[in-house]
Amino acid sequence: MRKGALIGLDPFNPVASVTVFQFNPEKLTRTLGPQTSGTAGSIFETERLKGPPEETIKFDLKFDAADDLDIGDGITESLGLYPQLSALEMLVYPKSALVITNTVLLATGTIEVIPPSGPLTLFVWGPQRILPVQIKEFTIEEQKFDSNLNPIEAKATLALRVLSYNDLSLTHPGYWIFLLHQIAKEVFATIGSIGNVDNLDELFE
């Protein structure tokens, strides 16, 4: 079975934010908010679409160190689930090197310092669904601990906002990743519609 993943693409630290799901979520909850113009007075205006819908994806991730502890994995025995949880958490942390750089700039009298950018985060759910996302909600519930208080069983609850070409510049790689996703979705929609054409007669029987 394929594994889902959250991957943070960061040229300064390319492997710091890679989380391949140990257990795939049992369900995904997807909420789509259509982006209509909302202009009253003309049916043609109210039906205009300003862009793709705003989509939120919610799910739970489970982590369990039992198998690695059973085989005597040294890292797991020393740190429990800290490495796996830290890789997930790094998706919402600015890189410390950039924070230090900005601190030095402020100390030397720089008037304006640009906040560090986070990584481009991709939600990977099979080859048909690779999406640029922004983490909007993030809760970690550490459920069991070893004798050193390292977490050995945990659950993370995440809410992701899908970033579309409305959110990103033309030169941003996420712009094209989302556009390719929409094109693929249009192909799937055509396949689904063709499959339903034969059922149209049943509507009028």
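Notes on the structure in this doc start here. Because the structure is a prediction, the values reported are computed rather than measured.

**Some words on the overall build of the protein**
Here is step 1 of the chain: Helices and strands together make up the secondary structure of the protein, namely six helices and seven strands.
Here is step 2 of the chain: Taken from N to C terminus, the helices and strands of the protein fall in the order β-β-β-α-β-α-α-α-α-β-β-β-α.
Here is step 3 of the chain: Within the protein, the fraction of its 205 residues that count as buried is 26%.
Here is step 4 of the chain: Sequence separation of 24 or more characterises 60% of the internal contacts of the protein that already satisfy a separation of 6 or more.
Here is step 5 of the chain: A total of about 13,500 Å² of accessible surface is found on the protein, and carbon and sulfur atoms cover 58% of it.

**Looking at the packing of aromatic side chains**
Here is step 1 of the chain: Tallied over the full model, the rule gives seven aromatic pairs.
Here is step 2 of the chain: Judged by centre distance (5.4 Å) and plane angle (25 degrees), the rings of F59 and F123 are stacked. With F59 in strand β4 (residues 49-64) and F123 in strand β5 (residues 120-124), the pair connects residues that are 64 residues apart, well separated along the chain.
Here is step 3 of the chain: The class for F59 is buried, based on a relative accessible area of 3%.
Here is step 4 of the chain: The buried category is assigned to F123, whose relative accessible area is 0%.

**Quick notes on the sheet that holds β4**
Here is step 1 of the chain: The sheet built from seven strands is open, its strands ordered β2-β1-β5-β6-β7-β4-β3 with antiparallel pairing. Each having just a single partner strand, β2 (18-20) and β3 (29-36) make up the two edges of the open sheet. Shown here is a sheet whose adjacent strand axes are inclined to one another by a mean of 25 degrees, direction ignored.
Here is step 2 of the chain: Relative to strand β7 (residues 151-162), β4 runs antiparallel, the two being bridged by nine bridges.

**Looking at the pairing of strand β6 (residues 130-145)**
Here is step 1 of the chain: Across four bridges, the pairing between β5 and β6 is antiparallel. Paired with T121 across the bridge in β6 is V133.
Here is step 2 of the chain: Counted between consecutive antiparallel strands, the loop separating β5 from β6 contains five residues, among which G126 sits at a positive phi close to 80 degrees.
Here is step 3 of the chain: Note that β6 and β7 share 11 bridges and pair antiparallel. Across the sheet, the residue bridging to K144 is E153, located in β7.
Here is step 4 of the chain: Hairpin connection from β6 to β7: five residues lie between these consecutive antiparallel strands, with L149 at a positive phi of about 65 degrees.

**Focus: the pairing of strand β1 (residues 5-9)**
If a strand is regular, its side chains alternate between the two faces of the sheet.
Here is step 1 of the chain: Sheet topology places β1 next to β2; three bridges connect them, and they run antiparallel. Bridge pairing in β2 places L6 opposite T19.
Here is step 2 of the chain: Where β1 and β5 come together, five bridges link them in antiparallel fashion. Bridge pairing links L6 to F123 in β5.

**Observations concerning unusual backbone geometry**
Here is step 1 of the chain: Residues other than glycine seldom take positive phi values, yet L149 does so here, at roughly 65 degrees.
Here is step 2 of the chain: For L149, the location among the structural elements is in the loop between β6 and β7.
Here is step 3 of the chain: Classification of L149 by relative accessible area gives exposed; the value is 60%.

**Side note on the layout of surface pockets**
Here is step 1 of the chain: In this structure, the largest pocket occupies an estimated 320 Å³ of space.
Here is step 2 of the chain: The wall of the largest pocket is formed by 15 residues, among which L91, G118, P119, T121 and Q134 lie closest to the centre.
Here is step 3 of the chain: Here the lining of the largest pocket gets three residues from one element, more than from any other, and that element is β6.
Here is step 4 of the chain: Tallied by class, the residues present in the lining of the largest pocket amount to 10 nonpolar, five polar and no charged.

Calculation notes
Residues numbered from 1 in each chain as written. Predicted model: local features only at pLDDT ≥ 70, side-chain atom pairs only at ≥ 80, totals over all residues. Heavy atoms only, no water. Helix = DSSP H or I, 4+ residues; strand = E, 2+ residues; numbered from the N terminus. Buried < 20%, exposed > 50% of the residue type's maximum accessible area, 1.4 Å probe, protein only. Contact = heavy atoms within 4.5 Å. Areas by Shrake-Rupley, 256 points an atom, 1.4 Å probe, with all protein chains shown as cover. Phe/Tyr/Trp six-rings, centres within 6.5 Å; stacked < 30°, edge-to-face > 60°. Pairing = 2+ DSSP bridges. Axes fitted to C-alpha atoms, helices over the stretch in contact; angles between N-to-C directions. 1 Å grid on protein atoms, 1.4 Å probe; cavity = no way out; pocket = protein on both sides within 12 Å on 5 of 7 lines; lining within 4 Å. Points joined across faces, edges and corners; volume = space filled by probe spheres on them. Nonpolar A, V, L, I, M, F, W, Y, C, P; charged D, E, K, R; others polar.

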